[in-house]
Structure formats: structure tokens, C-alpha cells
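# Per-entry structural report
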Amino acid sequence: MFARIIDIPKIEDPRGNLSFIEEFRQIPFKIERTYWIYDVPGGQVRGGHAFRKQEEFIVALSGSLDVLVDDGHEKQLFSLNRSYYGLFLPAGLWRQMQNFSTNALAVVLSSTLYDGSDYIRDYDEYLSFLGSGAKG
Ligand code: TYD
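The rules we used
- Residues numbered from 1 in each chain as written.
- Predicted model: local features only at pLDDT ≥ 70, side-chain atom pairs only at ≥ 80, totals over all residues.
- Heavy atoms only, no water.
- Salt bridge = Lys/Arg side-chain N within 4 Å of Asp/Glu carboxyl O.
- Buried < 20%, exposed > 50% of the residue type's maximum accessible area, 1.4 Å probe, protein only.
- Near = heavy atom within 4 Å.
- Polar contact = N/O pair within 3.5 Å; in protein donor to acceptor, adjacent residues only side chain to side chain.
- Areas by Shrake-Rupley, 256 points an atom, 1.4 Å probe, with all protein chains shown as cover.
- 1 Å grid on protein atoms, 1.4 Å probe; cavity = no way out; pocket = protein on both sides within 12 Å on 5 of 7 lines; lining within 4 Å.
- Sits in = over half its atoms within 2 Å of the grid points.
- Helix = DSSP H or I, 4+ residues; strand = E, 2+ residues; numbered from the N terminus.
- Nonpolar A, V, L, I, M, F, W, Y, C, P; charged D, E, K, R; others polar.
- Points joined across faces, edges and corners; volume = space filled by probe spheres on them.
- Patch = residues over 30% accessible without salt bridge, like charges linked within 9 Å, V, L, I, M, F, W, Y side chains within 5 Å.

## Some thoughts on the pattern of salt bridges
Within this structure, the stated rule accounts for six salt bridges. Two residues, R15 and D13, come together in a salt bridge whose shortest N-O distance is 2.8 Å. For D13, a relative accessible area of 23% gives the class partly exposed. As a salt-bridge pair, K30 and E23 come within 3.9 Å of each other at their nearest N and O atoms.

## Comments concerning the site of the ligand
In the vicinity of the ligand, the residues found are R33, Y35, R46, G47, H49, Y114, Y119 and R121. R33 has a polar side-chain atom sitting 2.5 Å from an oxygen atom of the ligand. A distance of 2.8 Å is found between an oxygen atom of the ligand and a backbone nitrogen or oxygen belonging to G47. Within the complex, 57% of the 520 Å² of free accessible area of the ligand lies under protein. Of the pockets mapped on this structure, the ligand occupies the largest pocket. Of all the secondary structure elements, the ones that give two or more residues to the shell around the ligand are strand 4 (33–37) and strand 5 (46–51). Of the residues belonging to the shell around the ligand, the class tally is three nonpolar, two polar and three charged.

## A closer look at the layout of surface pockets
Space inside the largest pocket adds up to approximately 200 Å³. Secondary structure elements with two or more residues in the lining of the largest pocket: strand 4, strand 5 and strand 10 (94–98). Grouping the amino acids of the lining of the largest pocket by side-chain chemistry returns seven nonpolar, two polar and four charged.

## Some remarks on a nonpolar patch on the surface
Residues I11, L18 and F20 make up a contiguous nonpolar surface patch of about 260 Å² in total accessible area. Position of L18 relative to the elements: it lies in strand 3 (residues 18–19).

## Overview of unusual backbone geometry
In this model, F24 sits at a positive phi of 65 degrees, which is unusual for a non-glycine residue. Although it is not a glycine, N103 adopts a positive phi angle of roughly 65 degrees. Within the element layout of this structure, N103 appears in the loop between strand 10 and strand 11 (105–110).

And the structure:
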């Protein structure tokens, strides 16, 4: 399990705080795509799947959410609720986003353009993907 929280710089200022992310600096990949998840109705779950190649970094810009990460052996729950840290997810992990607060806004920085064929949406297929040694 190599998912990990990464702290982002926080420039505190009486006029309002500022944080930033640069590719290959705060996060270890080149940013090819940015998307965000918002207006999530209470109790909804998003993103129950794994990626073969895509790496990503998730920040709760507003509100909070939990990310449940599973590497096929163990599960780990990460709570995101500040805009000055995020969760780095290497490729090959199963993850789902859940427990969104009202008005939660989660931004996801991705290392790839959108590619539907990079998704593994079936958990048994994910386990065989891991077993095939294709991880990462
Ligand atoms: P998806 O990643 O499958 O969301 P979830 O895993 O939460 O169900 O994305 C939902 C839909 O949005 C899917 O039809 C593909 C589309 N989509 C894009 O076109 N581009 C993107 O960058 C993303 C993330 C999704």
C-alpha cells in the first residue's frame, strides 16, 4: 500500500490563505487532467474501481470526504477535509470515494488523459490483475 497523504504548501495571509500544486514538485507526476466532483447527494459513493496506469492526487477543496483504498490485501481509509493536503494514489489501487459532506468539492489531478480502458471496474478482475504481476 503506497497511497499516502502529501502536505501542500499553505501560504498564510490575513487576506486569505493560498495553496498550490506543481507537477513533479508537490506531487510525483505530470498533470495531464484535472476533474472535480461536487453536488454529491448524501450517502452516494463514487469511483469504486482501480486504474491500471493512472496516478492521481485528490484534494478536498471544500467540505470533506473519505477515500477507501484497497490494494487487494488491506484496506485503508483516508479522510480529506482540508485544502492544504491531499491523497496521492499510485496506479493499481482499488479506491472509492464516500461520506461526502454537504457542499463537498473534491478536485482530482490525474497523470493521464481520460481513458476508459484504463479502468478496472470488476473487483475479481482487479484481483487477477494484481495476480498477473501487472501492477503499476
Ligand atoms: P467515472 O470516472 O466512471 O466516475 P465514477 O467512477 O465515480 O463512476 O466517470 C463518470 C463518467 O464521466 C464516465 O462516463 C466517464 C466520464 N468522465 C470523462 O468523460 N472524463 C473524465 O475525466 C472523467 C473522470 C470521467
